[in-house]
Amino acid sequence: EASPLTDEELVAGFSDVILATILATKSEMCGKKFELKIDNVRFVGHPTLLQHPLGLQVSKLDPSPKREMPTMILFNVVFALRANADPSVISCMHNLSRRIAIVLQHEEQRCQYLTREAKLMLAIQDEVSTMSESDDSQSPFHHILPKCKLASDLKQAFDSLCTTGVVHLHINNWLELSFCLPHKIHRVGPDYIPPDAIEQSLKAIRPYHALLLLDDEKSLLGQLPVDCSPALVRIIKTTSAMKNLQQLAQDADLALLQVFQLAAHLVYWGKAIVIYPLCENNFYMLSPDANVCIYSSLAEHFSQHFPGNDLLNVLSKFSLPTSLSQFKNPLAPPVQEAQLVQMVIWMLQHRLLIQLHTYVCLMVPPSEVDAEGREEDKLLPARVGGRSLSAPNALSFGSPTSSDDMTLTSPSMDNSSAELVPGGDSPLNKRMTENLLASLSDHERKMIQNIPAAQNPEDLRMLARLLHYFRGRHHLEEIMYNENMRRSVLLMLIDKFRSVLVVRNHEDPIISVFQSPFV
């Protein structure tokens, strides 16, 4: 049985004449996406028409004494992919082809760069073809690469796509071209993260999130282009894993929307990820995809960064969900606490830890009528009761820590519930509380009103105001931000109504896409 053909053999099956014929399009197709599938190969490009206005004047910087008429009508930079390539990969390849085409078209109109390079390639090919038959095995491309800048740039772009997924070129040593293939940069195990998932996560980030740089500040600044935005430099210099985006915008003296855009830019290029700011109440757990091999390169890298500490020993402390407050020792020197923060940041950068958030669900035990009518659901109240009884222990974080003071001021209270009139159990407050509880069934309202804490009008009003958050879709930090509440106040309310409020911990779906290891 014949072995399957490699990618190179698939493309090599087409002769140069055939490729030139099938990839040359009509002028009417220029400026549009070009896609052609033949057997197991899919060709993707962006044919571009070379437009030379009649009144084009010769540039003063052009060393040539006279501009020649163009010999090419159009050109097409084409990438060969497997026929079953993902549509998102095809779209990215077309985007890169279009960018290269725009740059080459500009340089052709400015100084006939493409015409010069094409003539050079043809001259070298003619020279190779006239060589003796002994050197006939040598491909003309090997002679073109060291002498032709355009050929070298195209090969560099191809090699970069296959290795890192990041392309940085200076076409004609004049125009910079940058491109990022997210399928190469953002990966979870052997699979890539779909660009749509990254885009959806970036659209959902909130001011209470933070930006975690994956490289050190000096390295990132060295990778920036010379003409990069000064705001991006300020973001890189100001950002911290313990600083949310709202605080980052204030410290960098930038608009919050601009900070969101710059953060999304860094994340898309694989230079940062979105996390929740580090604080004592954060719960972390060992990632299921973490590399826990004894002799892994990560373990050696960790020992070099933190001498005297073993990576596996530190990771073992996060086998179960663990709060950072559990590592706090009042007698330990401040240096030890600072080192713990740096180790957690390092493990987050290498996707060894995932953060768990606390979500609250309103889960009222069914009435006796419902319980008798559904024998098969008898286990549900027992399970719910077990979770509810354990809720106080899950919420007993001890005395309020520094994160309790991390109450953020929401830029808009539009998402908040209706404001209640302060002071006293006024008829207006009673009516508003009843309106907020109107979405519940009669049984649910009765169960809530039978709770001792419901006899306190202030507690009942607060529960009614936060009721729409207790559907398991909003974690505590989001509620704190939207309602401008302290953590201790929120935890106290949940504890008072623990008989109908069930607590569960899991990842934040917005940032969970960034918390798995990239390969």
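If you're wondering where the values come from, they're calculated on a predicted model, not measured in any experiment.

Draft legend 1. Region of interest: empty space enclosed by the protein. Scanning the entire structure with this criterion turns up two cavities of 30 Å³ or more. Within this model, the largest cavity holds a volume of roughly 70 Å³. Lining the largest cavity are 11 residues; nearest its centre among them are N281, L356, T358, E477 and R487. Broken down by secondary-structure element, the contributors of at least two residues to the lining of the largest cavity are β14 (353–362) and α21 (476–483). Looking at which element gives the most residues to the lining of the largest cavity, the answer is β14, with four residues.

Draft legend 2. Spatial organisation of the confidence of the model for the protein chain. The pLDDT averaged across the protein chain works out to 80; a share of 78% of its residues lies at or above 70. Here residues 53–58 scores under 50 on pLDDT; set against residues more than four positions off or in separate chains, the count is four contacts.

Draft legend 3. Quick look at the nonpolar core. Of all hydrophobic cores here, the largest spans 58 residues; its most connected members are L211, I235, L278, L311, V344, M347 and F514. For this core, the leading source of residues is helix α15 (residues 334–349), giving eight residues. With near-sequence residues (within four places) excluded, L211 lies in contact with I235, T239, S240, A241, L245, A263, L266, V267, A272 and I273. Counting 32 residues, the second-largest nonpolar core is a separate cluster that includes A101, I124, A157 and V167.

Draft legend 4. Representation of helix α20 (residues 457–466). Judged by how many residues are buried, α20 sits mostly within the fold: seven of 10 residues are covered. Taken as a whole, α20 has its buried residues at D459, L460, R461, L463, A464, R465 and L466. Measuring from the side-chain oxygen of the N-cap residue of α20 to the backbone nitrogen of E458 gives 3.0 Å; that N-cap residue is N456.

Draft legend 5. Local environment of the pairing of strand β7 (residues 175–180). As defined by bridge partners, strand β6 (residues 166–171) adjoins β7 across six bridges and the pair is classed as antiparallel. Directly across from H170, in β7, lies its bridge partner E176. Connecting β6 to the antiparallel partner β7 that follows it, the hairpin turn spans three residues, and N172 within it adopts a positive phi of roughly 60°.

Draft legend 6. View of the sheet that holds strand β2 (residues 41–45). The strand order across the open sheet formed by three strands is β1-β2-β5, and the pairing between neighbours is antiparallel. Edge strands, defined here as strands with exactly one partner in the open sheet, are β1 (34–38) and β5 (78–82). On average, each strand axis in the sheet is tilted by 20° relative to the strand beside it, whichever way the strands run. Here β1 pairs with β2 via five bridges, running antiparallel. Paired with K37 across the bridge in β2 is R42. Across the face of the sheet, helix α2 (residues 16–23) comes into contact with β1, β2 and β5 while running at roughly 135° to β1.

Draft legend 7. Structural view of the packing of α20 against helix α22 (residues 487–496). At a minimum axis distance of 11 Å, the contact between α20 and α22 shows a crossing angle of 100°. The angle between α20 and α22 places the two elements in the roughly perpendicular class. Seen from α20, the contacting residues are D459, M462, L463 and L466; seen from α22, they are V489, L490, L493 and K496. Class assignment of the residues belonging to the contact of α20 with α22 gives a composition of six nonpolar, no polar and two charged.

Draft legend 8. Quick look at the pattern of salt bridges. For the structure shown, the criterion picks out 14 salt bridges. K328 serves as the salt-bridge partner of E280, at 2.9 Å between the closest nitrogen and oxygen. Of the two residues, E280 is situated in the loop between β11 (272–275) and β12 (283–286) and K328 in the loop between β13 (322–323) and α15; the sequence distance between them amounts to 48 residues. R498 is the salt-bridge partner of D495, the closest N and O atoms lying 3.4 Å from each other. A residue is classified by how much of its surface remains accessible, and R498, at 37% relative accessible area, is partly exposed.

Draft legend 9. Broad picture of the side chain of D153. Relative to the elements of secondary structure, D153 occurs in helix α6 (residues 149–163). Reaching out from D153, the side chain makes a polar contact with the side chain of K149 at a distance of 2.7 Å. For D153, the residues in contact, after removing those within four places along its chain, are Y113, L169, H170, I171 and N172.

Draft legend 10. Seen up close, the packing of aromatic side chains. Scanning the entire structure with this criterion turns up six aromatic pairs. Arranged with centres 4.9 Å apart and planes meeting at 45°, the rings of F302 and F306 form a pair that is tilted. Assigned by exposure class, F302 and F306 land together as buried. Aromatic side chains F318 and F327 sit 5.3 Å apart centroid to centroid with 35° between the ring planes, which places their arrangement in the tilted category. Owing to a relative accessible area of 25%, F327 belongs among the partly exposed residues under this scheme. One cation-aromatic arrangement involves R110 over W174; the distance from NZ or CZ to the ring centre is 4.6 Å.

Draft legend 11. Quick peek at the pairing of strand β10 (residues 210–213). Taking every second residue as pointing to the same face, both faces of β10 are buried, with A210 and L212 on one and L211 and L213 on the other. In terms of strand pairing, β10 meets β11 through four bridges, oriented antiparallel. For A210, the partnering residue across the bridge sits in β11 and is I275.

Draft legend 12. Examining helix α8 (residues 195–203) more closely. For α8, the full list of buried residues reads P195, I198, S201 and L202. Along α8, the residues classed as buried sweep out an arc of 125° about the axis, all on the same side. In α8, the exposed positions that point more than 90 degrees away from the buried face belong to D196, Q200 and K203. Where α8 is buried, its residues contact α3 (87–111), α7 (182–185), β9 (191–192) and α12 (256–268).

Draft legend 13. Looking closely at the packing of α3 against helix α4 (residues 113–129). Running from N to C, α3 and α4 cross one another at 95°; their axes reach a closest spacing of 6 Å. Put simply, α3 runs roughly perpendicular to α4. Across from L104, E107, E108 and C111 in α3, the residues of α4 making contact are Y113, L114, T115 and R116.

Draft legend 14. Broad picture of the side chain of S160. Relative to the assigned elements, S160 resides in helix α6. Assessed through its relative accessible area of 14%, S160 is described here as buried. In contact with S160, other than residues within four places in its own chain, are G165, V166 and V167.

What counts and what doesn't
Residues numbered from 1 in each chain as written. Predicted model: local features only at pLDDT ≥ 70, side-chain atom pairs only at ≥ 80, totals over all residues. Heavy atoms only, no water. 1 Å grid on protein atoms, 1.4 Å probe; cavity = no way out; pocket = protein on both sides within 12 Å on 5 of 7 lines; lining within 4 Å. Points joined across faces, edges and corners; volume = space filled by probe spheres on them. Helix = DSSP H or I, 4+ residues; strand = E, 2+ residues; numbered from the N terminus. pLDDT = per-residue confidence, 0-100. Contact = heavy atoms within 4.5 Å. Core = buried A, V, L, I, M, F, W, Y, C linked by side-chain atoms within 4.5 Å. Buried < 20%, exposed > 50% of the residue type's maximum accessible area, 1.4 Å probe, protein only. Polar contact = N/O pair within 3.5 Å; in protein donor to acceptor, adjacent residues only side chain to side chain. Pairing = 2+ DSSP bridges. Axes fitted to C-alpha atoms, helices over the stretch in contact; angles between N-to-C directions. Parallel < 35°, antiparallel > 145°, perpendicular 65-115°, else oblique. Nonpolar A, V, L, I, M, F, W, Y, C, P; charged D, E, K, R; others polar. Salt bridge = Lys/Arg side-chain N within 4 Å of Asp/Glu carboxyl O. Phe/Tyr/Trp six-rings, centres within 6.5 Å; stacked < 30°, edge-to-face > 60°. Lys NZ or Arg CZ within 6 Å of the ring centre and 35° of its normal. Arc of directions from axis to C-beta.

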